[in-house]
Amino acid sequence: MLDIREASKAKAARPKTARGGTRKPAGDLETIAAPHLVTPTDAWPLPGMAAAGRPAARGADRPRARLLSEPEAAGLDTEPVDSVQWTPQEPAPRAPVVPLAQPPRARRSLTAGQKLFVLDTNVLMHDPASLFRFQEHDVYLPMMTLEELDNHKRGMSEVSRNARQVSRSLDALIGGGTERIDQGIALAKLGNREAVGRLYLQTQALSTTLPAALPTGKADNQILAVVSGLREVFPSRNVVLVSKDINMRIKAHALGLEAEDYFNDQVTEDLDLLYAGSIALPPDFWDTHSKDMESWQQGGFTYYRLTGPLVPTFSLNQFVYLDGAMPLVAQVRELNGRTTVLQTLRDFAHHKNAIWGITARNREQNFALNLLMNPDIDFVTLLGQAGTGKTLLTLAAGLAQTLDHKRFSEIIMTRATVPVGDDIGYLPGTEEEKMQPWMGALEDNLEVLNQGNTAGGEWGRAAATDLIKSRIRVKAMSFMRGRTFINKFVIIDEAQNLTPKQMKTLATRAGVGSKVVCLGNIAQIDTPYLTEGSSGLTYVVERFKGWAHAGHITLQRGERSRLADYATDVL
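Residues numbered from 1 in each chain as written. Predicted model: local features only at pLDDT ≥ 70, side-chain atom pairs only at ≥ 80, totals over all residues. Heavy atoms only, no water.

Observations regarding the nonpolar core
Right, so step 1: Core analysis: the largest hydrophobic core is formed by 39 residues, its most contacted members being L372, L399, L446, L449 and I553.
Right, so step 2: Within the second largest apolar cluster, 23 residues are counted, among which are F132, F134, V166 and L201. (Core = buried A, V, L, I, M, F, W, Y, C linked by side-chain atoms within 4.5 Å. Buried < 20%, exposed > 50% of the residue type's maximum accessible area, 1.4 Å probe, protein only.)

In structure tokens form, the structure reads like this:
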């Protein structure tokens, strides 16, 4: 406490005015240490935010004042804070809040449109890296969010692993630093340079009033109360709730709060823009791209070196086709600025190129077989609706390269075990026996592939079926971590039900000489919280686009039956 006698001496030493008052020389500012004026409401330290409860002016002779942070009060070199001026006739404006212990170097000004995002727990459990995906905006975590993270950290599920990962990230951000929690922690502290905002944790209760119909004991309603309280404390900031829970976003909008979904995990917002793997050339393609064209033949294929305005839009291993008087069906093999090299394809629609008795019935199936049979392509993704032939073409190509060409030692097949309806419960037997109910598509397609084997009659077909099954291994995804597949043809069926993290785990299992094929239909996603834009299958399609050893094709036309085609269109 300041000694009264020392204060009297200091007051007497000040220069006297004509009226006997204690005034500072003209041009000087009276400096007031920030801790002496900060109210409990001002203790919320978001930079640049004004708070209510400031002392008003006491007359025309009151000097201009500004707040000092503790480093400034200690005499350190800091950047000056703009002073606040007013006249007695005007109401006292709100003075800027200066963080109490924020170092001058960490001080930053708010940019236009900067938001304060309040994260729901399901966002963190869906994407553990979501803390660092809001660029220049600040992130706020309510205490209830931390409590729910703690409740979900136990277990071996994907949600539990994500909760533990978030806790480790928060511990790394908070520990080992000089920054105070109540003043925000730089999100770029761990090397995430794109995250230039700050992380704020709830350090005190916020008083707000919610409708009586909302029970206060529910976690979602407590988070909504925090969002409402932040809007009252910081009226000049744009406070936004981010949640994967649709009902919570609806309740937020009903309360007049701003809320939105978490979009940073979306590979593309418009599925019509998703990479299809093929492109139709315009009718004037030869007129605009045949100047200085070179062509040659090598290994049974014809190559064209072209230059033109359409070339920069191509991707490696993309298929191009042109109908008309001078048709072209080719694949992009090289790209160098406005110059490309196109390679013609093997026609798998002809019976002489049949794969285990299977021929391509349309253009996209021919593209798919060219990818599946190409030894230079290590990663293939096939998208398509039900009945487009994804599994049949892949199995035929895998068996041909395993049994006939001896390129692979065996076929490994797995899929996400996500039921369409209610789960049937415990399944007895070994790993492969437990996976059999999920592999009905494998059995159906093996019957189709073995129908053409008429040599030896029923006994011959039975022997061929046993030989095929001896080269096919059905594995559960739960035991994939840590494994390495060498010289294997790996098939990941129903890949649309995988998260990007699960897809990364499976794709990195491939060893030397292995090939990975992902099949799926993004219109049939059964995993909760996954959408067409955030599916692991969509994720790898976009991430592998343009790699010299990866290819993708979207199958358009169904070939299962006329009933299946009609049901796909009208249902």
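Some thoughts on the packing of helix α9 (residues 363–372) against helix α10 (residues 390–404)
Right, so step 1: As a packed pair, α9 and α10 sit with axes 10 Å apart at the nearest point and diverge in direction by 30°. For the pair α9 and α10, the crossing hand works out as right-handed. Here α9 contributes Q365, A368, L369 and L372 to the contact with α10, which in turn contributes L393, T394, A397 and Q401.
Right, so step 2: Considered class by class, the residues forming the contact of α9 with α10 number 5 nonpolar, 3 polar and no charged. (Axes fitted to C-alpha atoms, helices over the stretch in contact; angles between N-to-C directions. Helix = DSSP H or I, 4+ residues; strand = E, 2+ residues; numbered from the N terminus. Left-handed = near helix turned anticlockwise from the far one by under 90°. Contact = heavy atoms within 4.5 Å. Nonpolar A, V, L, I, M, F, W, Y, C, P; charged D, E, K, R; others polar.)

Focus: the sheet that holds strand β18 (residues 488–493)
Right, so step 1: If you walk across this open sheet you meet the 6 strands as β17-β16-β18-β19-β15-β20, and the pairing is parallel. The open sheet terminates on both sides in strands that have one partner only, identified here as β17 (472–474) and β20 (550–555). Direction aside, neighbouring strands of the sheet carry axes that sit 15° apart on average.
Right, so step 2: Pairing between strand β15 (residues 379–384) and β20: 6 bridges, direction parallel. Following the sheet pairing, T381 is matched in β20 by H552. (Pairing = 2+ DSSP bridges.)

As for a positive patch on the surface
Right, so step 1: The grouping of R168, R481, K501 and K504 at the surface amounts to a positive patch.
Right, so step 2: With respect to the helices and strands, R481 occurs in the loop between β17 and β18.
Right, so step 3: Overall, R481 belongs to the exposed group, its relative accessible area being 56%. (Patch = residues over 30% accessible without salt bridge, like charges linked within 9 Å, V, L, I, M, F, W, Y side chains within 5 Å. Areas by Shrake-Rupley, 256 points an atom, 1.4 Å probe, with all protein chains shown as cover. Salt bridge = Lys/Arg side-chain N within 4 Å of Asp/Glu carboxyl O. Lys, Arg positive; Asp, Glu negative; His and termini not counted. Charge placed at Lys NZ, Arg CZ, Asp CG, Glu CD.)

So, the confidence of the model for the protein chain
Any segment with low pLDDT has predicted coordinates that should not be analysed in fine detail.
Right, so step 1: On average, the protein chain scores 77 in pLDDT, and the residues at 70 or more come to 73%.
Right, so step 2: Of all secondary-structure elements in the protein chain, the lowest mean pLDDT belongs to strand β1 (residues 30–33), at 35, while α9 reaches the highest, 95.
Right, so step 3: Within the model, pLDDT remains below 50 along residues 1–112, and this stretch shows 142 contacts once partners closer than five positions in the same chain are excluded. (pLDDT = per-residue confidence, 0-100.)

Description of helix α5 (residues 158–174)
Right, so step 1: Between the first and last C-alpha of α5 there are 25 Å, a value that for 17 residues agrees with the 24 Å anticipated at 1.5 Å per step.
Right, so step 2: Among the residues of α5, E158, S160, N162, A163, V166, S169, L170 and L173 are the ones counted as buried.
Right, so step 3: Elements in contact with the buried residues of α5: α3 (121–126), β4 (138–141), α4 (143–151), β5 (185–186), β6 (198–201) and α14 (500–507). (Expected span 1.5 Å × (residues − 1).)

Considerations on the side chain of Q318
Right, so step 1: Among the secondary structure elements, Q318 is positioned in the loop between β11 (301–307) and β12 (319–322).
Right, so step 2: There is a polar contact of 3.0 Å between the side chain of Q318 and the backbone nitrogen of S315.
Right, so step 3: Residues in contact with Q318, not counting those within four places in the same chain, are Y275, G277, S278, I279, T313, A330, Q331 and V332. (Polar contact = N/O pair within 3.5 Å; in protein donor to acceptor, adjacent residues only side chain to side chain.)

Here we look at the packing of aromatic side chains
Right, so step 1: Inspection of every chain in the model, using the stated rule, returns 10 aromatic pairs.
Right, so step 2: With a centroid separation of 5.6 Å and an interplanar angle of 70°, the aromatic rings of F285 and W286 are classed as edge-to-face. Here the two residues F285 and W286 agree in accessibility, since each one is buried.
Right, so step 3: Counting every residue linked through ring pairs, the aromatic cluster contains F117, F134 and Y262.
Right, so step 4: Here the guanidinium or amino end of R363 rests over the ring plane of Y321, the centre of that ring lying 4.0 Å away. (Phe/Tyr/Trp six-rings, centres within 6.5 Å; stacked < 30°, edge-to-face > 60°. Lys NZ or Arg CZ within 6 Å of the ring centre and 35° of its normal.)

Thoughts on the pattern of salt bridges
Right, so step 1: Counted by the stated rule, this structure contains 9 salt bridges.
Right, so step 2: Taking the shortest distance from any N to any O, the salt bridge between E410 and R473 comes out at 3.8 Å. Of the two residues, E410 sits in strand β16 (residues 410–415) while R473 sits in strand β17, which places them 63 residues apart along the sequence.
Right, so step 3: Classification of R473 as partly exposed rests on a relative accessible area of 28%.
Right, so step 4: Each of K244, R249 and D261 takes part in salt bridges that share partners, so that together they form one network.

Concerning the pairing of strand β19 (residues 515–520)
Right, so step 1: Of all 6 residues in β19, 6 are buried; the element is thus mostly enclosed.
Right, so step 2: Neither face of β19 is open: one carries K515, V517 and L519, the other V516, C518 and G520, and all of them are buried.
Right, so step 3: Assessed by its sense of winding, the connection that carries the chain from β18 through α14 to β19 is right-handed. (Right-handed = clockwise from strand over helix to strand, strands pointing away.)

Considerations on the environment of A259
Right, so step 1: Summarising the element assignment, A259 is placed in strand β8 (residues 258–260).
Right, so step 2: When its relative accessible area of 10% is taken as the criterion, A259 is described as buried.
Right, so step 3: Here the alpha-carbon distance between A259 and V240, two residues 19 residues apart in the chain, equals 5.4 Å.
Right, so step 4: Those residues in contact with A259 that sit more than four places away from it in its chain are V240, L241, R249, A252 and H253.

Examining the sheet that holds β5
Right, so step 1: Ordered by their spatial adjacency, 6 strands build an open sheet running β5-β6-β4-β3-β7-β8, and the pairing between neighbours is mixed. Across the chains shown, the open sheet's two edge strands, defined by having one partner strand only, are β5 and β8.
Right, so step 2: Strand contacts of helix α7 (residues 246–254): β7 (238–242) and β8, with the helix running at about 160° to β8, the strand carrying the most contacts.

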